[in-house]
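So the chains spell out like this:
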Amino acid sequence: MSIRGLKKKQPKTFKVKVITMDAEMEFSCEMKWKGKDLFDLVCRALGLRETWFFGLQYTIKGMYTWLKMDKKVLDQEIPKEDPVSFHFLAKFYPEKVEEELLQEITQHLFFLQVKKQILDEEIYCSPEATVLLASYAVQAKYGDYDPNFHEPGFLAQEELLPKRVLRQYQMTADMWEEKISAWYAEHRGIARDEAKMNYLKIAQDLEMYGVNYFPIAQNKSDTDLLLGVDAKGIHVYSINNRFSPNKSFEWSGIRNISYSEKELTIKPLDKKAEVFKFFSSQLKVNKLILQLCIGNHDLFMRRRKVDSIEIQQMKAQAREEKARKKMETQRLAREKQLREEAERAKEELERRLFQMEDEARQANEALLRSQETAELLAEKAQIAEEEAKLLAQNAAEAEQERQRLEITALKTKEEKRLMEQKMRETELIAVKLVKESDRRAKEAEHLKQDLHEAREAERKAKQKLLDVTKLNYFHVARYPHHSPADTRDVNFDKGCVKMDLKDVDLKRLSFEIERERLDYLEKSKKFEDRLKELKSEIQALKLEEKQTGLYSHWSEVLGSLDRSIGNAPSWMKTFGVGDLFDTNLKKPFPAYPLNAASSWPCTNKSQHIVPVEKSTFQTNTLVASNVGTGTRKQIIKVQQHDSDVIYI
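Just so we're clear, the structure is a prediction, and the values are computed from it rather than from any experiment.

### Quick word on unusual backbone geometry
The linkage connecting Asp82 with the following residue, Pro83, adopts the cis geometry, with an omega of 0°. The residue Pro83 is located in the loop between strand S4 (63-66) and strand S5 (84-90) in this model. Residues other than glycine seldom take positive phi values, yet Lys61 does so here, at roughly 55°. With respect to the secondary-structure elements, Lys61 resides in the loop between strand S3 (54-60) and S4. Judged by its relative accessible area of 72%, Lys61 is exposed. For Glu121, which is not a glycine, the phi torsion comes out positive at approximately 65°.

Following this line, the structure appears as structure tokens:
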């Protein structure tokens, strides 16, 4: 045979793409193939034997149509594509899914298609039912719920609820996941195929399940009705209500269905009943309605007949497969239970082993601690013996110290008595000083008064001397025959008497004041030494007598002394008596020089001697100025005559 002959015998093909609910397949079809040939090829590829529920759907001019089985594929109005696309979908729905869907692949394809219809809102479902169906869908996909594996958020990428339900309730994705997970946890132990079947069993009770809707009208102008075709019959709905039909025709009550162009007629089995006529929008719609009616009616009649040998075999195989799966499920459950028990036993053994290891470790630690404790006790016993010896030695030393303290206490009492006696003596001295200060103040007042009287007498003497001088001058001018010697003698006798008296009084006062000052300085020096001695003794006894009130009493005594000195007269403060009781114990009197003329002390800082020019007789003027606020300047003039007699 030639190569050209081989080429002629090879049939021409075209490519076809078939899309199922979970896969896509491509086939090469011969040009002469009918629709049944392509359909059987897809069913063989899927391993599907329950072929009467399915069909190949395609869309042409915005309207879906089913591929006819008895006509060639290319002779039908299919899309002009390469490859030509078909959807392998369920065309007819069973009345009872649990009894009619025998193969697992059939159940799987129905489950996926019904689930998509619910999510796309082609089948209405209440929110509660959607949550329950979603939990079965999760069980069919993931198996039993495991909290360790199925952590929060594992359903974030899953589409399980219709958008209408999500919009209806203001709930977050986590809240919906929590609700679905709660139902999902209760499905523990249900197999995956059983979960799919439970999903379909709930879905088949929904009003819109398995119904194909078509818009119709009772006259040619209006389209105010919907015609629904399902496994039980034909139903007429209002345009706004797809749940409750206005009129229904069961397959057992329909005698004939026919169409003429856009008009379709339903004749009931009862000849007396009214014939129902309606109009569709296109002729193709009537053909599609008739095609669905014929298929559903055939399945309706088949269910009420005795099952064929093929169906019986399939049911037997389904029962065997179900029993095998049940046994397999039981075996797996038993193995799982045994494995869980083994894991629990293993965990218990590991826990006990860990506990025993912990106890052994604690026992070793306790043993080590006991050994360390024994060593420490031995060391402590040795230390205790040494401490006992030290305590005995310390007890002896304490006894000696006690005896010494008793002796010291006796001495302290004696010293305390002596100190109290000294304090009393000091108080007496302070009282005497206060009295002496008062007496000195009075004497100072008397001296000031005497000084004032002396100055007044001096002034009077000066005035009288001036008068006598003037008189003598007048006498000489009037009696020039008298000699000046006589006049000088008379004046000399009077001035000498007065000068001698005043000079003697001033010297006496100066000597008395100087003597009293020296006596006061001597007594102050003695009192200062005595006070220093008492302070040193008190400082030595303060450390030993802090518990007694002697220190506070002595502080009060010193305070009283300070207050007494504070109340002393101003002349004592001038001489520095107040500083006698100061902490630094300054000298109360500076070394005052004595002026020979005035016999009164003057300081280098506060007094200045200013010489005055000499006249006929030698005159020295002593100016004593006390520097200070509010003091009075005093000027004492001492005149020395040629006869060495001092005039004031």
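### Things to note about the environment of Leu38
Along the chain, the position of Leu38 falls in helix H2 (residues 35-46). The buried category is assigned to Leu38, whose relative accessible area is 0%. Residues Leu38 and Leu56, 18 residues apart in the sequence, show an inter-C-alpha distance of 9.0 Å. In this structure, Leu38 is in contact with Val16, Cys29, Trp33, Leu56, Leu67, Val73 and Phe86, ignoring residues within four places of it in sequence.

### Quick word on helix H5 (residues 127-142)
Between its first and last C-alpha atoms H5 spans 22 Å; for 16 residues at 1.5 Å apiece the expected length is 22 Å, and the two agree. With 13 of its 16 residues buried, H5 lies for the most part within the structure. At the exit of H5 stands Gly143, carrying a positive phi of roughly 80°.

### Brief notes about a positive patch on the surface
Together, Arg255, Lys267, Lys271 and Lys277 make up a positively charged patch on the protein surface. Note that Lys267 resides in strand S11 (residues 263-268).

### Overview of the pairing of strand S1 (residues 13-19)
Bridge count between S1 and strand S2 (residues 24-30): 7 bridges; the pairing is antiparallel. Opposite Thr13, over in S2, you have Glu30 as the bridge partner. Hairpin remark: S1 followed by S2, antiparallel, with 4 residues in the connecting loop.

### Focus on the packing of aromatic side chains
Summed over the entire model, instances satisfying the criterion amount to 17 aromatic pairs. Put simply, the rings of Phe39, Trp52, Phe53, Phe54, Phe88, Tyr93, Phe110 and Tyr209 touch in pairs and so form one group of aromatic residues. Positioned above the aromatic ring of Trp52, the side-chain terminus of Arg302 is 5.0 Å from the ring centre.

### Here we look at the nonpolar core
If you look at the biggest cluster of nonpolar residues, it comprises 92 residues, and the most contacted ones within it are Leu38, Phe54, Phe86, Phe88, Val114, Ile118 and Ile234. Of all the elements, H5 adds the most residues to this core, at 9 residues. In this structure, Phe54 is in contact with Phe39, Leu48, Phe88, Leu89, Ala90, Lys91, Thr106, Leu109 and Phe110, ignoring residues within four places of it in sequence.

### Digging into helix H8 (residues 192-203)
Compared with an ideal rise of 1.5 Å per residue, which puts 12 residues at 16 Å, H8 spans 17 Å between its outermost C-alpha atoms and is within 8% of the ideal. For H8, the full list of buried residues reads Ala195, Lys196, Met197, Asn198, Tyr199, Leu200 and Ala203. Structurally, H8 contributes buried residues whose contacts are with helix H3 (97-100), helix H4 (104-119) and H5.

### Overview of the confidence of the model for the protein chain
Per-residue pLDDT for the protein chain has a mean of 78; in total, 76% of the residues score no lower than 70. Within the model, pLDDT remains below 50 along residues 481-501, and this stretch shows 15 contacts once partners closer than five positions in the same chain are excluded. Counting contacts from residues 568-648, a segment whose pLDDT is below 50, to residues more than four positions away or on other chains yields 134 contacts.

### Thoughts on the pattern of salt bridges
Within this structure, the stated rule accounts for 30 salt bridges. Residues Arg439 and Glu436 are paired through a salt bridge, measuring 2.2 Å at the closest nitrogen-oxygen approach. Of the two residues, Arg439 and Glu436 both sit in helix H10 (residues 309-478), 3 residues apart, roughly one turn of that helix. Members of the salt-bridge network, linked through shared partners, are Glu95, Glu100, Arg303 and Arg304.

### Points about empty space enclosed by the protein
Here the structure, examined in full by the defined rule, presents 2 cavities of 30 Å³ or more. Computed from the structure, the second largest cavity encloses a volume of approximately 60 Å³. In this structure, the second largest cavity is lined by Lys115, Ile118, Leu119, Thr130, Leu133, Ala134, Ala137, Leu160, Pro162 and Tyr199. Among the secondary structure elements, those contributing two or more residues to the lining of the second largest cavity are H4 and H5.

### Structural notes on the sheet that holds strand S8 (residues 233-238)
Two strands in a sheet stick together by hydrogen bonds in their backbones, pointing the same way (parallel) or opposite ways (antiparallel). Strand order in the open sheet formed by 7 strands is S9-S8-S7-S6-S12-S11-S10, and the pairing between neighbours is antiparallel. Sheet topology places strand S9 (247-250) and strand S10 (254-260) at the edges, where each strand pairs with a single neighbour. Strand-to-strand, the axes of this sheet are offset by a mean angle of 30°, without reference to chain direction. The sheet strands contacting helix H9 (residues 283-303) are strand S6 (212-217), strand S7 (225-229), S8, S10, S11 and strand S12 (276-280), and the helix crosses S10 at an angle near 160°.

### Regarding the sheet that holds S4
Here 5 strands make up an open sheet; going across it, the order is S2-S1-S5-S3-S4 and the pairing mixed. Two strands close off the open sheet at either side, each with one partner strand: S2 and S4. The sheet shows a mean angle of 35° between the axes of neighbouring strands, taken without regard to direction. Contacting S3 and S5, H4 crosses the sheet at an angle of about 100° to S5.

### Some thoughts on the pairing of S7
The element S7 is extensively covered by neighbouring structure, given that 5 of its 5 residues are classed as buried. When S6 meets S7, the two strands line up antiparallel, connected through 5 bridges. Within the sheet, the bridge partner assigned to Pro215 lies in S7 and is Leu226. Where S7 meets S8, 5 bridges bridge the pair, whose relative direction is antiparallel. The residue bridging Gly228 from the neighbouring strand is His235, located in S8. Taken together, S7 and the strand that follows it, S8, pair antiparallel across an intervening segment of 3 residues.

What counts and how
- Residues numbered from 1 in each chain as written.
- Predicted model: local features only at pLDDT ≥ 70, side-chain atom pairs only at ≥ 80, totals over all residues.
- Heavy atoms only, no water.
- Helix = DSSP H or I, 4+ residues; strand = E, 2+ residues; numbered from the N terminus.
- Buried < 20%, exposed > 50% of the residue type's maximum accessible area, 1.4 Å probe, protein only.
- Contact = heavy atoms within 4.5 Å.
- Expected span 1.5 Å × (residues − 1).
- Patch = residues over 30% accessible without salt bridge, like charges linked within 9 Å, V, L, I, M, F, W, Y side chains within 5 Å.
- Areas by Shrake-Rupley, 256 points an atom, 1.4 Å probe, with all protein chains shown as cover.
- Salt bridge = Lys/Arg side-chain N within 4 Å of Asp/Glu carboxyl O.
- Lys, Arg positive; Asp, Glu negative; His and termini not counted.
- Charge placed at Lys NZ, Arg CZ, Asp CG, Glu CD.
- Pairing = 2+ DSSP bridges.
- Phe/Tyr/Trp six-rings, centres within 6.5 Å; stacked < 30°, edge-to-face > 60°.
- Lys NZ or Arg CZ within 6 Å of the ring centre and 35° of its normal.
- Core = buried A, V, L, I, M, F, W, Y, C linked by side-chain atoms within 4.5 Å.
- pLDDT = per-residue confidence, 0-100.
- 1 Å grid on protein atoms, 1.4 Å probe; cavity = no way out; pocket = protein on both sides within 12 Å on 5 of 7 lines; lining within 4 Å.
- Points joined across faces, edges and corners; volume = space filled by probe spheres on them.
- Axes fitted to C-alpha atoms, helices over the stretch in contact; angles between N-to-C directions.

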